Amino acid sequence: MSLLTVEDKETAELPKTTHGVDAKGRRITQIVVVAGFVLIAAMLFLLIISAPVEDPARIALGPVSLNNFFLWLGGLPPLAQIPAVLIAFGIVVAIVLVLIEFAPRPGRGYFIMRLVACLVIPVIALMLLRPYSNAVLYVVAIALLSGALLFFADYRSRQGAGYLFQLILFMAPAAIMLLMGLIYPAIATFAKSFFDKTGEQFVGLENYIWVFTNPVGTWSVINTLIWALLAPTISVAFGLAYAVFIDRARGEKVLKVLVFMPVAISFVGAGIIWKFMYDYRQGDQLGLLNAIVTMFGGDPVNWLAVEPLINTFMLLIVFIWTQTGFAMVILSAAIKAVPSEQLEAAELDGTNAWQRFTNVTVPGIRSSLIVVLTTITIMSLKVYDIVAVMTGGRDNTTVLGFEMVNQQQRFQSYGHSSALAVVLFIFVLPLIIYNARSLTKQREIR
Amino acid sequence: MSATEAIVRDTRTKRQVARDTRRNEAIAHKKLTSKGATIAAVIIAVFWTIPTFGLFVTSFRPGADTQSTGWWTAFANPEFTFENYAEALTAGGTSTTLATAFVNSLAITIPATVFPIVIAALAAYAFAWIDFKGRNMLFVFVFALQIVPLQMALVPLLSLFSEGLTINDVLIFPGLTLNDV
């Protein structure tokens, strides 16, 4: 399948009109587009302030709706559901690809194709959601208006008709998913963090004060910071050392698999495995750690209840155990990419192994090191499963990610939960900014 | 000196050079790796494997034994069984057995792998090949969205699916009514 690129299109037949390039044409386009957006915003406003109706009917395109699709899917035997979902997705992608391939071409037929696609697709997509009867007029109007606006902006775009259309089609699936799955929930959570338990009474910063004064809240903040500082450094140190040790050694693949294995185990599985290790009881020990302690004549220790912080370190070990393999695999690949000529040259210059490591290998794998460090830091900030499985947050082992769910499910306190989420968000923010900045730098270099 | 003689000498030199290169590479290789490092790696690998190995051994021990003695005693008086596996696959504690849970895993794993790759490939193509205003800004913004913790998205998504979209008490879209599926 050959997709039209910008380069291709410049050689293709250009539109005869000049409204895309001359100043007057551009200004008219801009005015119309802005007016269109204002109109859409006005429609949305009218929809929101329209009088509420008690239990209105739902309008759908006959039996065709997203709801009925899921109902039909649920009726199928479990194994038939997988291909059914894949086929439905495949049809949607096929429609998008056909439009991307054909619609941007110049010509009367393709012009009509674009117009129909712009007007029909938004309407059908919104009608599949079965809007309520009091909203249906606004919904259809908004869909038609945005479709027409897109068509107009596309028709008069600087790069020629079809350019914007193609761009939107490429981006739309990802944009819709991100909006629904990440942006909307993030905004909703942020808004909820200023309301009380039930989400009706505005309480200002009370939830944030709770996070930093209540022992549960403060412990979750302290523990999260400990996790974020220790987990990445220790697991990267182990992973890097291991990757260097096994580099070019005999049996490298087997050694790699042994340490990589915990990565493939879920956090829940890892928690159960280590519960065995930490097991505590009187008499015969089941846990290896306590068996060793009693073998040397000590008393068995309840590892997961030793305060302060020892139990958090015990949980950290589980996380480090799973993440070392991840760090090792990526760093090992990076070390292999360091030219062996450089190492040999350094060797001829009379360096020892440690000098070769710090002066040749580490600068060579710097970008991989940063990626691994930031990834593991973000993962350790979001950790939930290990704490939930092993201690359930008891004995001050709670972390932000766990307490967030705990507050919401056990105590039904959406306000506290949302405030914890926003605090977590603030902790992750510097890392993302750092990552994003190095990313833009890389893109500029390219 | 005949032409054939020259060729023979040529191949001989070539072989000699190749042999020397191999030997030098082997020496260099040996100098860049060390016995001590390999031994340290093996020790780390053993420590990393013990927890999983313990679970593996436990999975073959009779249920009563796992409750009374540690897994390492199984080697002193071996008594192994496949009973645990049979039980887990056929009769779970709840109505869901491991076999149906496995089908559920497939139903999540396969679409969850295919969908993001296809959708992301479309967007990535636009980011890579189509030049538009604010491309870098948008790219960084999309990248920065990984900041949102999954737990943060769960509650709003659940209410969106089950209760639909209602703004300012005006009903716009209903939720999915899938209770009887």
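Quick look at the structure, then.

## What about the packing of aromatic side chains?
Ring pairs (aromatic) are described by centroid distance and by the angle formed between their planes.
Residue and element names in this part refer to chain A.
Then, in step 1: Under the defined criterion, the tally for this structure stands at 22 aromatic pairs over all chains.
Then, in step 2: Pairing Phe-194 with Tyr-208 gives two aromatic rings, centres 5.6 Å apart and planes at 45°, and the pair type is tilted. Pair noted here: Phe-194 is in the loop between α7 (163-192) and α8 (206-213) and Tyr-208 is in helix α8, with a separation of 14 residues, a long-range link.
Then, in step 3: Since its relative accessible area comes to 13%, Tyr-208 is described here as buried.

## A short note on helix α12 (residues 288-295) of chain A
Then, in step 1: When α12 of chain A is considered as a whole, its buried residues turn out to be Leu-288, Asn-290 and Ala-291 of chain A. Viewed along the axis of α12 of chain A, the buried residues span an arc of 165°, placing them on a single side of the element.
Then, in step 2: Contacts from the buried residues of α12 of chain A go to α11 (267-278) of chain A together with α2 (35-59) of chain B.
Then, in step 3: One or two steps after α12 of chain A, the chain reaches Gly-297 of chain A, where phi turns positive at roughly 90°.

## Things to note about the pattern of salt bridges
All names here are of chain A.
Then, in step 1: Scanning the entire structure with this criterion turns up 6 salt bridges over all chains.
Then, in step 2: Here Glu-252 and Lys-336 are joined by a salt bridge, their closest N and O atoms 2.9 Å apart. Here Glu-252 is found in helix α10 (residues 252-264), whereas its partner Lys-336 is found in helix α13 (residues 310-337), with 84 residues between them in sequence.
Then, in step 3: Relative accessible area serves as the criterion here: at 14%, Glu-252 is assigned to the buried category.

## Considerations on the interface of chain B and chain A
Then, in step 1: Chain B puts 79 residues into the contact, and the matching count from chain A is 104 residues.
Then, in step 2: Buried area between chain B and chain A, summed over both chains or domains, comes out near 8200 Å², and the portion from carbon and sulfur atoms is 78%.
Then, in step 3: Remark: the boundary between chain B and chain A carries 2 residue pairs in polar contact (both at pLDDT 80 or more).
Then, in step 4: Contributing elements (two or more residues each) for the side of chain B that touches chain A: α1 (3-32), α2, α3 (63-68), α5 (98-129), α6 (135-144), α7 (150-163) and β2 (170-173) of chain B.

## Notes on unusual backbone geometry
Residues and elements named next belong to chain A.
Then, in step 1: For Asp-395, which is not a glycine, the phi torsion comes out positive at approximately 55°.
Then, in step 2: Checked against the element boundaries, Asp-395 lands in the loop between α17 (385-390) and α18 (400-409).
Then, in step 3: Since its relative accessible area comes to 31%, Asp-395 is described here as partly exposed.
Then, in step 4: The phi torsion at Asn-396 lies on the positive side, around 60°, for a residue other than glycine.
Then, in step 5: Here Asn-396 is to be found in the loop between α17 and α18.

## Some details on a nonpolar patch on the surface
Then, in step 1: Residues Leu-61, Val-64, Ile-112, Val-116, Val-120 and Ile-124 of chain A make up a contiguous nonpolar surface patch of about 470 Å² in total accessible area.
Then, in step 2: Its place among the elements puts Val-64 of chain A in the loop between α2 (23-49) and α3 (66-75).

## Overview of the packing of helix α4 (residues 78-102) of chain A against helix α5 (residues 108-127) of chain A
Residues and elements named next belong to chain A.
Then, in step 1: Packing of α4 against α5 leaves a shortest axis separation of 10 Å and a crossing angle of 145°. Crossing of α4 over α5 shows left-handed handedness. Facing Val-98, Leu-99 and Phe-102 of α4, the residues of α5 in contact are Tyr-110, Met-113, Ala-117 and Ile-121.
Then, in step 2: By residue class, the composition of the contact of α4 with α5 is 7 nonpolar, no polar and no charged.

Calculation rules
Residues numbered from 1 in each chain as written. Chains lettered and ligands numbered in written order. Predicted model: local features only at pLDDT ≥ 70, side-chain atom pairs only at ≥ 80, totals over all residues. Heavy atoms only, no water. Phe/Tyr/Trp six-rings, centres within 6.5 Å; stacked < 30°, edge-to-face > 60°. Helix = DSSP H or I, 4+ residues; strand = E, 2+ residues; numbered from the N terminus. Buried < 20%, exposed > 50% of the residue type's maximum accessible area, 1.4 Å probe, protein only. Arc of directions from axis to C-beta. Contact = heavy atoms within 4.5 Å. Salt bridge = Lys/Arg side-chain N within 4 Å of Asp/Glu carboxyl O. Buried area = accessible area lost by both parts, 1.4 Å probe. Polar contact = N/O pair within 3.5 Å; in protein donor to acceptor, adjacent residues only side chain to side chain. Patch = residues over 30% accessible without salt bridge, like charges linked within 9 Å, V, L, I, M, F, W, Y side chains within 5 Å. Areas by Shrake-Rupley, 256 points an atom, 1.4 Å probe, with all protein chains shown as cover. Axes fitted to C-alpha atoms, helices over the stretch in contact; angles between N-to-C directions. Left-handed = near helix turned anticlockwise from the far one by under 90°. Nonpolar A, V, L, I, M, F, W, Y, C, P; charged D, E, K, R; others polar.

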